[in-house]
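Chains, contacts and geometry: an overview
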Amino acid sequence: MSDKPTFVLTITCPDTVGIVAAVSGFLTQHDCFITEAAQFGDPLSRRFFMRIVFSSGALTPTRPEFDKLFSLIAARFQMIWNLNDLSRKPRVVILVSKFGHCLVDLLHRYHTGQLGIEIPAVISNHQDMRSIVEWHGIPYHYLAVDKHDKAAQEARLSEVVDRAGADLVVLARYMQILSTDLSAKLSGRAINIHHSFLPSFKGAKPYHQAHSRGVKIIGATAHYVTADLDEGPIIEQSVERVDHTHTPEDLVAIGRDIENLVLARAVRWHVEHRVLLNGSKTVVFK
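Here the structure is a predicted model, which means the values were calculated and not measured.

1. A few points about the overall build of the protein chain
For the protein chain, the helix and strand inventory stands at eight helices and 13 strands. Here the C-alpha atoms of the protein chain give a radius of gyration of 21 Å, agreeing with the 19 Å that 2.2 N^0.38 yields for 286 residues. Based on the C-alpha atoms only, the size of the protein chain along its principal axes is roughly 60 × 40 × 35 Å. For the protein chain, with 286 residues in total, the buried portion stands at 47%. Sequence separation of 24 or more characterises 67% of the internal contacts of the protein chain that already satisfy a separation of 6 or more. Averaged over its 31 positive side-chain charges, the protein chain has a centre that lies 2 Å from the centre of its 30 negative ones.

2. Here's the deal with unusual backbone geometry
Although it is not a glycine, Asp31 adopts a positive phi angle of roughly 60°. Relative to the helices and strands, Asp31 is located in the loop between α1 (19–29) and β2 (32–42). Non-glycine residue Arg173 carries a positive phi angle of around 65°. Assignment of secondary structure puts Arg173 in the loop between β8 (168–171) and α6 (180–185). On the accessibility criterion, Arg173 (13% relative accessible area) is buried.

3. Considerations on helix α3 (residues 101–111)
Residues that lie three or four places apart on an α-helix share one face, since the helix turns once every 3.6 residues. Considered for burial, the residues of α3 that qualify are His101, Cys102, Leu103, Asp105, Leu106 and Leu107. Where α3 is buried, its residues meet β5 (91–96), β6 (118–124), α4 (130–135), β8, β9 (190–195) and α8 (248–271). Just beyond α3, the residue with positive phi is Gly113, at close to 85°.

4. Description of the sheet that holds β5
Taking strand neighbours across the sheet as the criterion, the seven strands line up as β7-β6-β5-β8-β9-β10-β11 in an open arrangement whose pairing is mixed. Of all the strands in the sheet, the pair left with one neighbour each is β7 (140–142) and β11 (234–241). Here the strands of the sheet are splayed against their neighbours by 15° on average, with no regard to which way each runs. Note: β6 against β7, three bridges, orientation parallel. Paired with Ser124 across the two strands is Tyr142, which belongs to β7.

5. Comments concerning the packing of α3 against α8
Interaxial distance between α3 and α8 falls to 9 Å at its minimum, and their mutual angle equals 50°. By the criterion of interaxial angle, the relationship of α3 to α8 is oblique. In this structure, α3 crosses over α8, and the sense of that crossing is right-handed. Residues His101, Cys102, Asp105, Leu106 and Arg109 of α3 form the contact with α8, whose participating residues are Arg256, Glu259, Asn260, Leu261, Leu263, Ala264 and Val267. A class-by-class count of the residues in the contact of α3 with α8 yields six nonpolar, two polar and four charged.

6. Examining the sheet that holds strand β1 (residues 6–14)
Spatial strand order, β2-β3-β1-β4: four strands in an open sheet with antiparallel pairing. The open sheet has two edge strands, β2 and β4 (80–85), and neither has a second partner. If you compare each strand with its neighbour and ignore which way they point, the axes differ by 10° on average. Inspection of the sheet shows β1 paired to strand β3 (residues 47–56) by nine bridges, in the antiparallel sense. Its bridge partner lying in β3, Ile11 is registered against Met50.

Cut-offs used in this document
- Residues numbered from 1 in each chain as written.
- Predicted model: local features only at pLDDT ≥ 70, side-chain atom pairs only at ≥ 80, totals over all residues.
- Heavy atoms only, no water.
- Helix = DSSP H or I, 4+ residues; strand = E, 2+ residues; numbered from the N terminus.
- Rg over C-alpha atoms; globule rule 2.2 N^0.38 Å.
- Buried < 20%, exposed > 50% of the residue type's maximum accessible area, 1.4 Å probe, protein only.
- Contact = heavy atoms within 4.5 Å.
- Lys, Arg positive; Asp, Glu negative; His and termini not counted.
- Charge placed at Lys NZ, Arg CZ, Asp CG, Glu CD.
- Pairing = 2+ DSSP bridges.
- Axes fitted to C-alpha atoms, helices over the stretch in contact; angles between N-to-C directions.
- Parallel < 35°, antiparallel > 145°, perpendicular 65-115°, else oblique.
- Left-handed = near helix turned anticlockwise from the far one by under 90°.
- Nonpolar A, V, L, I, M, F, W, Y, C, P; charged D, E, K, R; others polar.

In structure tokens form, the structure reads like this:
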């Protein structure tokens with residue numbers, strides 16, 4: 001490791017005594033300077049979660065040697081661990097349909113440097129977002145859905161994702177259900193966003209349904225994609241109060257603003273390696 005690169009180490013393992021001491025001691029022993037650290041022991045699952053950011057020093061081993069040495073500690077504590085170089089920007093493929101607010105928000109954050117990512121491709125089953133995507137210099141893949149052969153479209157989608165070398169797939173209001181096979185393939189690296197009225201108000205015009213029932217709180221949920229529709233581990237949520245003065249169109253506008261914010265947070269936390277899976281839940285080191 002040269003030129004003092006910065007890394008983030010994430011760890012999940014059974015909770016026990018001595019984990020923090022072993023990890024911090026190892027990093028100190030190998031000339032690593034810790035700049036950020038967070039840990040959490042879940043008393044219910046009895047799992048331990050840890051995220052450490054550190055820079056390497058002149059005496060830090062090469063990456064292969066570092067991995068080999070740390071694997072001894074990992075085996076001792078039964079760790080699931082990952083070490084990521086923060087100088088490498090994660091590659092994020094975005095899926096979108098006709099509603100472009102989440103896509104446009106992510107593109108703005110990407111363009112201004114607020115999101116440290118690369119976007120090698122945007123995939124859509126409609127042509128509506130092509131001009132804004134190509135204005136950013138990003139390839140736009142139009143993959144129409146034939147309701148009689150959805151598997152063929154999904155196979156092409158999966159091929160684009162693979163070819164792009166995607167670390168993360170973001171469903172930015174992509175109004176198609178991913179198959180069980182593709183959901184499994186993207187497990188832990190696909191994020192979806194939706195309004196938080198589910199399961200109360202399903203189908204078309206959920207905000208109009210909510211308005212007719214006098215709902216006082218609306219919100220959005222970002223979660224990992226699983227085979228169980230809209231039931232994956234939740235990463236982030238937010239809400240906004242509304243009242244009788246708001247029209248259905250007002251609710252739609254407020255809901256879209258919340259969706260933008262919640263999805264952007266979830267994507268940023270994921271690419272910064274702040275989200276660790278804890279069964280059907282997540283641990284998020286903000």
